[in-house]
Amino acid sequence: MKFIDEATIFVQSGAGGNGCISFRREKYVPRGGPDGGDGGNGGSIVLIGNTKLTTLYDLKLHPHYRARRGEHGKGKNMHGRSGKDVFIQVPLGVVVYSNSDVIGDILDNGQKIIVARGGAGGRGNARFVTSTNRAPRQVEEGTPGVTKEVKIVLKIISDIGIVGLPNAGKSTLLRAMTNARPKIDNYPFTTLSPNLGVLRNNRKNIVIADMPGIIEGAHQGKGIGLQFLRHIERTNLLILVVDISVPKPMDQYKSLLNEFRQYNPQLLSKPRIIVFNKIDLLNLIPPSELKEKIFFVSALKGIGVDRLMDYLKNEN
Ligand SMILES: Nc1nc2c(ncn2[C@@H]2O[C@H](COP(=O)(O)OP(=O)(O)OP(=O)(O)O)[C@@H](O)[C@H]2O)c(=O)[nH]1
Ligand SMILES: [Mg+2]
């Protein structure tokens with residue numbers, strides 16, 4: 001299914017039903033008391049997290065949601081029926097905005113956020129009986145529903161993000177380490193949206209996200225830009241994949257960090273490692289002045305991948 005990570009939806013909750021004004025009328029009961037029931041509550045619009053979803057595609061296709069109003073109260077103390085809540089399933093990791101304020105985020109399966117609360121039902125006149133007023137003619141109207149525009153932004157939840165220039169071998173590395181089977185090819189921008197894979201560990205599953213390639217100038221919209229970088233904001237570790245077979249591999253590394261700086265300098269304070277890939281293509285002298293832990297791998301041939309996986313399992 002198409003990967004969509006931003007959607008705006010239009011929601012309308014139901015109004016509350018009005019309270020009823022009514023008096024009991026029965027044969028042989030000359031002055032029956034008040035028996036107007038309460039109005040029902042209006043239905044709310046509720047977002048609910050669903051682990052099975054990975055995209056906001058459905059919301060893009062169906063942006064309008066409306067919950068029904070509560071019914072009005074009736075005589076004989078009959079309360080109006082409440083409008084049903086409308087549930088909208090969203091993938092985990094969404095951030096929910098209304099008027100550019102964050103309402104909240106959904107990180108767990110089944111977690112709910114009410115984006116538009118239904119109006120409250122009004123009380124019927126039966127509720128207003130007091131010792132001095134046995135026949136109240138007082139009732140409440142239901143409160144109105146809410147109409148709102150809600151923006152939903154998906155930030156994938158993964159433990160580790162794989163980033164690098166196009167064609168560096170990021171997807172091949174994800175394939176080598178996890179069950180994921182992303183598309184791999186020998187041209188830039190094979191990956192157009194993040195791929196997720198799971199590295200199984202006896203303690204927990206480590207989710208790894210393989211990102212589209214980043215090129216110099218991405219922060220100005222070059223290539224496919226930095227729009228996907230928000231998906232690594234929540235990772236604990238970044239893997240910088242550098243193709244070591246190109247003439248100046250460290251230029252890749254530098255421009256990558258430079259793009260991070262332009263996009264969001266906080267990304268630079270995240271723990272990261274460098275994976276020099278494609279070592280099968282050359283006889284190599286390792287650069288010695290790096291702060292990061294270095295891995296030399298051939299994701300294609302599986303060389304050095306075990307050592308990398310052991311490291312990731314122990315560090316996560
Ligand atoms: N020789 C060699 N080739 C590799 C290695 N890893 C990946 N490749 C090749 O490099 C090319 C690009 O691999 P991908 O995994 O698609 O690269 P990517 O970084 O995901 O590329 P984009 O998604 O376009 O950014 C493919 O032809 C791979 O077969 C490696 O370790 N050695
Ligand atoms: Mg790729």
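Computed from a prediction, not measured in an experiment: that's the story for all the values here.

Q: How would you summarise a positive patch on the surface if you had to cite specific residues and measurements?
A: Together, R68, K74, R81 and K84 line one region of the surface with positive charge. Along the chain, K84 falls in the loop between strand 3 (64–66) and strand 4 (86–90).

Q: Report on the domain arrangement of the chain, specifying residues and quantitative values.
A: Splitting the chain by domain gives domain 1 (6–154) and domain 2 (160–315). Placing a centre on the C-alpha atoms of domain 1 and another on those of domain 2 gives a separation of 47 Å.

Q: Run through the packing of helix 2 (residues 170–177) against helix 4 (residues 305–315), naming residues and quoting values.
A: The relative placement of two packed helices is expressed as an angle between their axes plus a distance between the axes. Packing of helix 2 against helix 4 leaves a shortest axis separation of 10 Å and a crossing angle of 75 degrees. By the criterion of interaxial angle, the relationship of helix 2 to helix 4 is roughly perpendicular. For the pair formed by helix 2 and helix 4, the contact residues are L173, A176 and M177 on the first element and V305, L308, M309 and L312 on the second. Classifying every residue of the contact of helix 2 with helix 4 gives seven nonpolar, no polar and no charged.

Q: Account for the coordination of the magnesium ion (ligand 2), naming residues and giving values.
A: At 1.9 to 2.1 Å from the magnesium ion (ligand 2) lie its protein donor atoms, namely S171 (OG) and T191 (OG1). One end of the pair, S171, is in helix 2; the other, T191, is in the loop between helix 2 and strand 10 (195–200), and 20 residues separate them in sequence. When its relative accessible area of 8% is taken as the criterion, S171 is described as buried.

Q: Describe the site of ligand 1, naming the residues involved and giving the relevant values.
A: Near ligand 1 you find 24 residues, and of these K170, T172, F189, T190 and T191 are the closest. In the environment of ligand 1, a nitrogen atom lies 2.8 Å from a nitrogen or oxygen atom belonging to the side chain of D280. A total of 650 Å² of accessible area belongs to ligand 1 in isolation, and the protein chains cover 91% of it. Per-element tally for the shell around ligand 1: the top contributor is helix 2, with three residues. In terms of residue class, the shell around ligand 1 is built from 10 nonpolar, 10 polar and four charged.

What counts as what
Residues numbered from 1 in each chain as written. Chains lettered and ligands numbered in written order. Predicted model: local features only at pLDDT ≥ 70, side-chain atom pairs only at ≥ 80, totals over all residues. Heavy atoms only, no water. Patch = residues over 30% accessible without salt bridge, like charges linked within 9 Å, V, L, I, M, F, W, Y side chains within 5 Å. Areas by Shrake-Rupley, 256 points an atom, 1.4 Å probe, with all protein chains shown as cover. Salt bridge = Lys/Arg side-chain N within 4 Å of Asp/Glu carboxyl O. Lys, Arg positive; Asp, Glu negative; His and termini not counted. Charge placed at Lys NZ, Arg CZ, Asp CG, Glu CD. Helix = DSSP H or I, 4+ residues; strand = E, 2+ residues; numbered from the N terminus. Domains from an automatic or database assignment. Axes fitted to C-alpha atoms, helices over the stretch in contact; angles between N-to-C directions. Parallel < 35°, antiparallel > 145°, perpendicular 65-115°, else oblique. Contact = heavy atoms within 4.5 Å. Nonpolar A, V, L, I, M, F, W, Y, C, P; charged D, E, K, R; others polar. Donors = N, O, S within 2.8 Å, 3.2 Å for Na, K, Ca; no water. Buried < 20%, exposed > 50% of the residue type's maximum accessible area, 1.4 Å probe, protein only. Near = heavy atom within 4 Å. Polar contact = N/O pair within 3.5 Å; in protein donor to acceptor, adjacent residues only side chain to side chain.

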